[in-house]
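In case you want the letters, here they are:
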Amino acid sequence: MTTHIPRAFYSQEELDRLYPKELELQLVQILLRHGERTPVSPRFQNTGLQPYWPYCNAARELSSVVMSTKDFTRWDQLKYRRRIETFGMDDGPVIASGPNNEFDTVCHPGELTDKGRQTTLALGERLRHLYVDQLQFMPKLIADSDMIYLRATPIPRALESVQQAFWGFYPPSARTADFPPPTIITRTPADETLFPNDASCRRFGQLSRAFAQRTAERWNDTEDMQYLSKLISKYMPDQAKVAVDSRPRLSGIMDTINATDAHGPETRLPKDFYDPKARAIIDKIAVEEWFKGYTESAEYRMLGIGALLGDITSRMTGSVEKNGRDGLLEVGGSDGRLGRGRGGETNTKLALSGCHDTTLAAALTSLGAFESEKWPPFTSHIAFELFKAKNVTTPSRPTTPTLNQNAPPKAQSWWSSLFGHTNPTTLSNAPQPEGIARKPLSELSSTQREELQDYYVRVRYNDKIMQIPACKAEGKHLEGDTTFCTLETFKGVVDKITPKDWKVACSSRLDASAFPDKVEVAGYE
């Protein structure tokens, strides 16, 4: 399955069960995979598959900001249409065209298509139906986006997808006439943690390559791979055997299959590629290659997705602290230096982050909640929901928390040096922020830990309720429902894989083995 087919809206009976009256929703954070796109690289052109696809009508309607005066006092927009130029038969320039000689709607490799815009718009409308129409959690009409946190990776399809989802959640009719432009947060590629960043995190690159090589060694000579070769080798360059590390790689073959399956008949592969058994084999092996490391290695989880999960959890504890006192919600980045106003968030109730399949699977797998799942389809999403028990008063605490300064120092292993244990400094020697922020449970005062009581976290993936293993234990969940994890337990799971300083961790242990001595099971404190 390449395109996610949403289930029917929750019935009132389901809503009453999924959102019990004794709990009050406080914060919703959505990670959404971008919508349908073209393949990231042209492949299998020997089958007649065109390298340029005609599914990007947005290329007719592009605009850019331009300065219309020399003193920076006036800005305007230049509307334009885009055409793509490529090499011709004699290496001279020609305009790229689609299968039926389309010019103005041609897509770049990896670009969000018309269908991708349609499905992400529909996702926003679906989320609005749940959180506005059914639950009345978010207002029907907004005058600004101060309560909404929007973020996207530097990849255009992720940014465009979160824009489409926001438009679906709050269309123009649900915004006042003087609604100001919303803020969308982005990062430079070197700082990006909204996807597993093997390009900027050197140690994670080592780990991911090692686990990919292990997958190749396990599967390349199996009957499953022979079955794939029997079907597909005739379309491979030089009729090579299909393998995890063939050219194209097995995951690249899957990329083209999924992208073609999601679009029209003008861009289809031969029927051999869509053989159900073959697709099941490809999915199974690709999931192992890309995500098995998260199930076995705490270091893999920390470097690949721990910083993002730390951000998500920090936003939850910030919501808790906001309920306990008036003031700014404390949020921040993945370097551990959280402070008032970092990220531009105050009073956030809804977060929408445009990201990728590898983000969603990494997050769920690291929480121990991806067992038996297939590769995330286009426009999949995860909802992290924070609840508070009703009729419970949040204890107040001093504005400036006190730490035990007289505690004896503890010896630090390589692990605690990366996660943080007793040393409160970062690369810039910035002081730790006030409040809970990203402090691990072991460093919280008794008052701070008490603040976390009566809060619960629930994870939904494409409207399916997910189970975090640590939350099954007695006292770790809402009575009668193990999928409502106590915030303290959820934070404990995430604390174990939240780096103290992601960039330092990324450049550490470069000579160490890629594999732990024994499996470090995901989803536990």
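The structure under discussion appears in the preceding block.
Everything numeric here is computed off the predicted structure, so don't read it as measured data.

Rules used throughout
- Residues numbered from 1 in each chain as written.
- Predicted model: local features only at pLDDT ≥ 70, side-chain atom pairs only at ≥ 80, totals over all residues.
- Heavy atoms only, no water.
- Helix = DSSP H or I, 4+ residues; strand = E, 2+ residues; numbered from the N terminus.
- Buried < 20%, exposed > 50% of the residue type's maximum accessible area, 1.4 Å probe, protein only.
- Contact = heavy atoms within 4.5 Å.
- Areas by Shrake-Rupley, 256 points an atom, 1.4 Å probe, with all protein chains shown as cover.
- Phe/Tyr/Trp six-rings, centres within 6.5 Å; stacked < 30°, edge-to-face > 60°.
- Lys NZ or Arg CZ within 6 Å of the ring centre and 35° of its normal.
- Salt bridge = Lys/Arg side-chain N within 4 Å of Asp/Glu carboxyl O.
- 1 Å grid on protein atoms, 1.4 Å probe; cavity = no way out; pocket = protein on both sides within 12 Å on 5 of 7 lines; lining within 4 Å.
- Points joined across faces, edges and corners; volume = space filled by probe spheres on them.
- Nonpolar A, V, L, I, M, F, W, Y, C, P; charged D, E, K, R; others polar.
- Pairing = 2+ DSSP bridges.

Chemist: Break down the overall build of the chain for me, with residues and values.
Modeler: Of the regular secondary structure elements, the chain holds 13 helices and 15 strands. In the chain, which comprises 525 residues, the proportion classed as buried is 55%. For the chain, restricting intrachain contacts to residue pairs at least 6 apart in sequence, the fraction spanning at least 24 positions comes to 77%. Total accessible area on the chain stands at roughly 24500 Å², and carbon and sulfur atoms take up 50% of it.

Chemist: Let's hear about the packing of aromatic side chains: which residues, and what values?
Modeler: One pair of aromatic rings is described through two measures. These are the centre distance and the angle between the planes. A complete count under the given rule lists 18 aromatic pairs for this structure. Between Tyr131 and Phe137 the ring centres are 6.3 Å apart and the planes differ by 65°, which places this aromatic pair in the edge-to-face class. A relative accessible area of 7% means that Phe137 is categorised as buried. Chaining the aromatic ring pairs together yields one cluster made of Phe204, Phe211, Tyr294, Tyr300 and Phe515. Lying over the aromatic face of Tyr227, Lys277 brings its terminal NZ or CZ to 4.2 Å of the ring centre.

Chemist: Account for the pattern of salt bridges, naming residues and giving values.
Modeler: By the definition in use, this model includes 32 salt bridges. Salt-bridge contacts for Asp311 lead to Arg187; the nearest nitrogen and oxygen are separated by 3.7 Å. Of this pair, Asp311 sits in helix H8 (residues 298-324) while Arg187 sits in the loop between strand E7 (184-185) and helix H4 (202-219), placing them 124 residues apart in sequence. What makes Asp311 buried here is its relative accessible area of 4%. Members of the salt-bridge network, linked through shared partners, are Arg126, Glu385, Arg458, Arg460 and Asp463.

Chemist: An account of the layout of surface pockets is needed here, citing residue identities and associated values.
Modeler: Estimates place the volume of the second largest pocket at around 920 Å³. Together, 38 residues line the second largest pocket, and Asp198, Trp290, Asp357, Thr358 and Trp375 are the ones closest to its centre. The set of elements that each furnish at least two residues to the lining of the second largest pocket consists of H4, helix H6 (250-261), helix H7 (276-296) and helix H9 (357-366). Across the lining of the second largest pocket, the residue classes break down as 17 nonpolar, eleven polar and ten charged.

Chemist: Outline the pairing of strand E11 (residues 381-389), supporting the account with residue identities and numerical values.
Modeler: For E11, a buried count of nine out of nine residues is recorded, marking the element as mostly surrounded by other parts of the structure. Burial of E11 is two-sided: the residues His381, Ala383, Glu385, Phe387 and Ala389 facing one way and the residues Ile382, Phe384, Leu386 and Lys388 facing the other way are all buried. When strand E1 (residues 23-33) meets E11, the two strands line up antiparallel, connected through nine bridges. The residue of E11 that forms the bridge with Leu27 is Leu386.

Chemist: Describe unusual backbone geometry, and please don't skip the residues or the numbers.
Modeler: Among all residues except glycine, the phi angle is most often negative; among peptide bonds, the trans geometry is most common. Cis geometry is adopted by the peptide bond preceding Pro248, which originates at Arg247 and carries an omega value of 0°. Positive phi, close to 65°, is recorded for Thr379, a residue that is not glycine. Along the polypeptide, Thr379 turns up in the loop between H9 and E11. Although it is not a glycine, Asp463 adopts a positive phi angle of roughly 70°. Among the secondary structure elements, Asp463 is positioned in the loop between strand E12 (455-461) and strand E13 (464-465).

Everything listed here is a matter of geometry and, on its own, says nothing about what the molecule does.
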